[in-house]
Amino acid sequence: MSGIAVFFAEGYEEIEALTVVDICRRAGIMTNMVSITEEKSVRSSHGVEVKMDKTLSEIDFGEYDMLVLPGGMPGTKNLEACGKLMEQIDDFYHKGKYIAAICAAPSIFGHRGILKGRRACSYPSFESHLEGATVTAGPVEISDHVVTSRGMGTAIDLGLAIVGIFCGKDRSEELAKAIVYCRK
């Protein structure tokens, strides 16, 4: 069974994080919400506090097939400042395992050289941080094992893209219909 870890830092964007968690769990993908600190609850950029499944020190990265970084401020900056998480992002990338980021968080991939020669998208004001990428305005870009998305309004697209990766296009389309999502 595939496993996904969604990382939460103080100041995350709640719709981007929780939509991905919700959609992936609906599809039957084992999805853990992981605090990057030892705190079991993490407060969003809009003051929404959510209880995590695990903390960073409690997880075995070998159990996961994808690492997901939600955006938000200062959440994105806090994720990027977490050395242990950045080591794992680099490790997953170099091993060809999936990594995903939405909104401001694809800037982290740009800063780490992960987007060179890839199609990528992000929140418009962060596009200059997608170093080396061909920047698009698509809702989601999948470039081999690197997945990026633009923001809160594309969180469902990102969740469904992840379902497509791990469960297939038919399951993704079935789930879109079940949640009454009208793709453009």
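Residue positions within a chain follow its written sequence, with the count starting from 1. Selection of residues for local features in this predicted model requires a pLDDT of at least 70, selection of side-chain atom pairs for listing and counting requires 80 or more, and totals for whole chains, interfaces and linings are taken over all residues. Side-chain metrics in this entry use all non-hydrogen atoms of the structure; hydrogen atoms and water are not considered.

J.: Where do I start with the pairing of strand E1 (residues 3-8) in this structure?
T.: Per-residue accessibility, obtained with a 1.4 Å probe over protein chains only, is compared with the maximum for each type, and a residue is labelled buried under 20%, exposed over 50%, and partly exposed between these values. Helical segments are the DSSP runs of H or I of at least four residues, strand segments are the runs of E of at least two, and each set is numbered from the N terminus. Most of E1 sits inside the fold, with 6 of its 6 residues counted as buried. In E1, alternate side chains face the same way, and those of Gly 3, Ala 5 and Phe 7 on one face and Ile 4, Val 6 and Phe 8 on the other are all buried. Relative to strand E2 (residues 30-35), E1 is paired through 6 bridges, and the arrangement is parallel. Its bridge partner lying in E2, Phe 7 is registered against Val 34. Pairs of strands are assigned from DSSP output, requiring at least two bridges between the strands.

J.: Would you explain the side chain of Thr 76 in this entry?
T.: Here Thr 76 is to be found in helix H2 (residues 75-80). The class of Thr 76 is buried, set by a relative accessible area of 2%. Two residues form a contact once any of their heavy atoms are found within 4.5 Å. With residues up to four places along the chain from it excluded, the contact list for Thr 76 reads Pro 70, Gly 71, Ala 104, Ala 105, Ser 107 and Ile 108.

J.: Looking at this model, I keep getting lost on unusual backbone geometry. Mind explaining?
T.: Excluding glycine, a negative phi dihedral is what most residues carry, and trans is how most peptide bonds are arranged. Residue Met 73 is joined to Pro 74 through a cis peptide bond whose omega torsion reads 10°. Of note, Val 180 is a non-glycine position whose phi angle comes to about 60°, a positive value.

J.: Any chance you could explain the nonpolar core here in plain terms?
T.: One recurring pattern in soluble globular proteins: nonpolar side chains tend to sit buried together. Side-chain atoms within 4.5 Å are what join buried Ala, Val, Leu, Ile, Met, Phe, Trp, Tyr and Cys residues into a set we call a nonpolar core. Counting residues in hydrophobic clusters, the biggest one holds 31 residues, and the most contacted among them are Ile 4, Phe 8, Met 66, Val 68 and Ile 162. Contributing elements (two or more residues each) for this core: E1, helix H1 (14-26), strand E6 (66-69), strand E7 (98-102), helix H5 (155-167) and helix H6 (169-178). At 7 residues, H5 tops the list of elements feeding residues into this core. Ile 162 has contacts with Ile 4, Val 20, Cys 24, Ile 29, Met 66 and Val 68, leaving out every residue within four places of it along the chain. Counting residues in each nonpolar core, the second largest holds 29 residues, with Phe 7, Phe 61, Leu 67 and Tyr 93 among its members.

J.: Explain the pattern of salt bridges here, please?
T.: Oppositely charged side chains are able to pair whenever their charged atoms sit close together. The salt bridge criterion pairs a side-chain nitrogen of Lys or Arg with a carboxyl oxygen of Asp or Glu, the two atoms within 4 Å. What the rule picks out here adds up to 11 salt bridges. Two residues, Glu 49 and Arg 43, come together in a salt bridge whose shortest N-O distance is 2.6 Å. The exposure class assigned to Glu 49 is partly exposed, which follows from its relative accessible area of 45%. Using a relative accessible area of 39% as the deciding quantity, one classes Arg 43 as partly exposed. Ionic pairing is found between Arg 119 and Glu 141, a salt bridge with its closest N-O pair at 3.3 Å. In this pair, Arg 119 sits in strand E8 (residues 119-120) while Glu 141 sits in strand E10 (residues 140-143), placing the two residues 22 residues apart along the sequence. For Arg 119, a relative accessible area of 46% translates into the label partly exposed.

J.: Whenever I open this one, the sheet that holds E2 confuses me. Can you help?
T.: Hydrogen bonds along the backbone pair up the strands of a sheet, which may run parallel or antiparallel. Read across the sheet, 7 strands follow the order E5-E2-E1-E6-E7-E11-E10 without closing on themselves; strand pairing throughout is mixed. In this open sheet, the two edge strands, each paired with only one partner strand, are strand E5 (54-55) and E10. With 2 bridges connecting them, E2 and E5 associate as parallel partners. If you follow Val 34 over to E5, its bridge partner there is Lys 54.

J.: Quick question: what am I supposed to make of the environment of Ser 35 here?
T.: Within the element layout of this structure, Ser 35 appears in strand E2. On the accessibility criterion, Ser 35 (0% relative accessible area) is buried. C-alpha of Ser 35 to C-alpha of Glu 10: the two residues are 25 residues apart in sequence and 8.8 Å apart in space. At 2.8 Å, the side chain of Ser 35 and the backbone oxygen of Glu 39 are in polar contact. Nitrogen and oxygen atoms within 3.5 Å of one another constitute a polar contact, given that in protein one can donate a hydrogen and the other can accept it, and given that sequence-neighbouring residues count only through two side-chain atoms.

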